[in-house]
There are 2 protein chains.
Amino acid sequence: MRVAQEGHLLSKLGRIETGEALADRRIDILDAAARAFMRQGFAATSLDRVSDEIGSTKGAIYYYYRSKSELFFAVHRRGMELTQAAIRPSFETAASARDRLHGMAVAHTVLVIDHLPYLRVIAQGLELHLLERTNESERAELADVAALREANENLYIRVIRDGVASGQFRSVDAKLAAKPLLGALNWTSRWYQPRPGETQAAKKRLAESIADFVVAGLEKKN
Amino acid sequence: MRVAQEGHLLSKLGRIETGEALADRRIDILDAAARAFMRQGFAATSLDRVSDEIGSTKGAIYYYYRSKSELFFAVHRRGMELTQAAIRPSFETAASARDRLHGMAVAHTVLVIDHLPYLRVIAQGLELHLLERTNESERAELADVAALREANENLYIRVIRDGVASGQFRSVDAKLAAKPLLGALNWTSRWYQPRPGETQAAKKRLAESIADFVVAGLEKKN
DNA sequence: TCCAAACATACTACTCGGTAGGCTGAAAAC
DNA sequence: GTTTTCAGCCTACCGAGTAGTATGTTTGGA
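Residues numbered from 1 in each chain as written. Chains lettered and ligands numbered in written order. Predicted model: local features only at pLDDT ≥ 70, side-chain atom pairs only at ≥ 80, totals over all residues. Heavy atoms only, no water.

### A word on the overall build of chain A
Then, number 1: The number of helices and strands found in chain A is twelve helices and zero strands.
Then, number 2: N-terminal to C-terminal, the α/β element order of chain A is α-α-α-α-α-α-α-α-α-α-α-α.
Then, number 3: Looking at chain A residue by residue over its 222 residues, the buried ones come to 48%.
Then, number 4: The long-range share in chain A, meaning contacts at least 24 apart out of those at least 6 apart in sequence, stands at 74%.
Then, number 5: As displayed, chain A offers around 11000 Å² of accessible surface, 52% of which is attributable to carbon and sulfur atoms. (Helix = DSSP H or I, 4+ residues; strand = E, 2+ residues; numbered from the N terminus. Buried < 20%, exposed > 50% of the residue type's maximum accessible area, 1.4 Å probe, protein only. Contact = heavy atoms within 4.5 Å. Areas by Shrake-Rupley, 256 points an atom, 1.4 Å probe, with all protein chains shown as cover.)

### So, helix α9 (residues 136-166) of chain B
Then, number 1: The first and last C-alpha atoms of α9(B) sit 45 Å apart over 31 residues, in line with the 45 Å expected at 1.5 Å per residue.
Then, number 2: Two residues or fewer past α9(B), Gly167(B) is found with a positive phi of approximately 85°. (Expected span 1.5 Å × (residues − 1).)

### Remarks on the packing of aromatic side chains
A ring pair, where both rings are aromatic, is described by two values, the distance of the centres and the angle of the planes.
Then, number 1: Under the counting rule described, the total for this entry stands at eleven aromatic pairs over all chains.
Then, number 2: On the basis of an interplanar angle of 85° and a centroid distance of 5.1 Å, the ring pair of Phe37(B) and Phe72(B) is categorised as edge-to-face. Of the two residues, Phe37(B) is situated in helix α2 (residues 18-44) and Phe72(B) in helix α5 (residues 68-92); the sequence distance between them amounts to 35 residues. Both residues of the pair, Phe37(B) and Phe72(B), belong to the buried class.
Then, number 3: The structure contains a cluster of three or more aromatic residues connected by ring pairs, namely Phe37(A), Phe42(A) and Phe72(A).
Then, number 4: Its end group placed over the ring of Phe42(B), Lys68(B) keeps NZ or CZ at 4.5 Å from the ring centre.
Then, number 5: Above the face of the Phe91(B) ring, Arg100(B) is positioned so that its terminal group lies 5.0 Å from the ring centre. (Phe/Tyr/Trp six-rings, centres within 6.5 Å; stacked < 30°, edge-to-face > 60°. Lys NZ or Arg CZ within 6 Å of the ring centre and 35° of its normal.)

### Comments concerning the environment of Met104(A)
All names here are of chain A.
Then, number 1: Looking at the element boundaries, Met-104 is found in helix α6 (residues 97-114).
Then, number 2: Residue class for Met-104 comes out buried when judged on its relative accessible area of 0%.
Then, number 3: Separated by 13 residues in the primary sequence, Met-104 and Phe-91 have C-alpha atoms spaced 6.5 Å apart.

### Comments concerning the relation of the copies chain B and chain A
Then, number 1: Under the fitted operation, chain B is carried onto chain A by 0.0 Å of movement along the axis and a turn of 180°, and the coordinates agree to an RMSD of 0.0 Å. Given the turn and translation reported, the copies of this chain are related as if by a two-fold rotation axis. Among all residues of chain B, the minimum C-alpha distance to the rotation axis is found for Gly217(B), at 1.9 Å.
Then, number 2: A shared interface surface links the copies, since 100% of the contact residues of chain B are contact residues in chain A too. (Least-squares fit on C-alpha atoms with pLDDT ≥ 70 in both.)

### A closer look at the interface of chain B and chain A
As a measure of interface size, the accessible area lost when the parts come together is often cited.
Then, number 1: With 38 residues of chain B at the contact, the number on the chain A side is 39 residues.
Then, number 2: Each partner contributes to the roughly 3300 Å² buried at the junction of chain B and chain A, and carbon and sulfur atoms together form 59% of this total.
Then, number 3: The tally of links between chain B and chain A comes to two salt bridges.
Then, number 4: Note that Lys221(B) and Glu219(A) form a salt bridge whose closest N and O atoms lie 3.7 Å from each other. (Buried area = accessible area lost by both parts, 1.4 Å probe. Salt bridge = Lys/Arg side-chain N within 4 Å of Asp/Glu carboxyl O.)

### Brief notes about the side chain of Lys203(B)
Then, number 1: Within the secondary structure, Lys203(B) is located in helix α12 (residues 200-216).
Then, number 2: Lys203(B) has contacts with Ile113(B), Asp114(B) and Glu198(B), leaving out every residue within four places of it along the chain.

### Describing helix α6 (residues 97-114) of chain B
Then, number 1: With 18 residues, α6(B) extends 25 Å between its outermost C-alpha atoms, agreeing within 8% with the 26 Å of an ideal straight helix rising 1.5 Å per residue.
Then, number 2: For α6(B), the tally of buried residues reaches 14 of 18 residues, placing the bulk of the element in the interior.

This is the structure:
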């Protein structure tokens, strides 16, 4: 299937920083894994397919990752980190709770669109695939990723609390209200299909529309 | 693993209607499959595990279903039908769009709680697992189940349109607004964990809270 | 007694995660 | 300029698990 050994690709790129090149290669593999997991799910995705995606073989993957589940965890971790990086800026502004939440929801939705593979994979959840037959270190990583997920959810919970306290939002249980809110946002990864040539403005309009929905769901009526 | 052949279970139950007994057995298998698919997903679930769940073997499954994917389709189909049956009554009342939508959302959420295995499986989606390597008849069934999903979504779209027309709801694109709405509802299947001894009233309160959220997300502010 | 429904059992063919060992080219050592 | 080294893979393989099948078996009923 492969044409030939093309030599040291990284070196041919003239890279000096070995560490950086190594990290890039890891991300190449991660991107390919995210796309494959998105399309077929964890169990149905073979590592041979993942390595095909980057024109390589399974050996390359096992040089950078120790197991299939470690690769899966890495996809989740990166998805969570992307999410945190996307929503935190709006969370930290000095604006009202309403406006902060709106900004978070817009950023979140744009992120889903722009990084669909990662976001769809994390929306599928990982507990499903790994509840059984896990060893000690895998359970530790699972707890780790779960903590990241919780950290993201907590940003929403806190901004909801702020809105309730300031009287902008209805008097809801923030932890419970965050669930359908996140559902509305994460669901985007399930139905959205990338349109080639879709403008950034169009994405923004879609994100605004969804953000309007979740904010209105919490605001007081008058 | 099995203790012994316990004879004709169905006949021992004194069933007269053979057709009904046969249907019951099919549902037993379907329930077991739904639970297994819920916990491990389609690809990671072996038919041996499914048959273990009903204290039987793979032969029993293949007597009632022709393939693993047919069983998977059947789970989806039943989940969709349960959903339709749950939300249609509220949809068809003569009340306002707001109240009809609220009733649909409450019924939908209660259904998710009461039939978690089926609803979580359909929330995972099936296209994911079966996009490739499908034959002709499987693609037909896929389209069939997709039509059922669309039919459910259309009930929501129509009630949203009614609300926009009557002025109760904001002026939104109904097809687009239905997405986050369904996301908020379906997401329940992802985070909800059954509490033994949870009262029906407690379930109802949870469902009301989520329904309030999605209705408020569409209502006009004053 | 005989039959067929309703399974159970035993197999096959195949896939896939993981591993062991080999290869290669660039760069360091001399 | 030659030799050595070793990162970065590739190849070939093994063993475990599994969908699907072919055939055997039981049992209630005709």
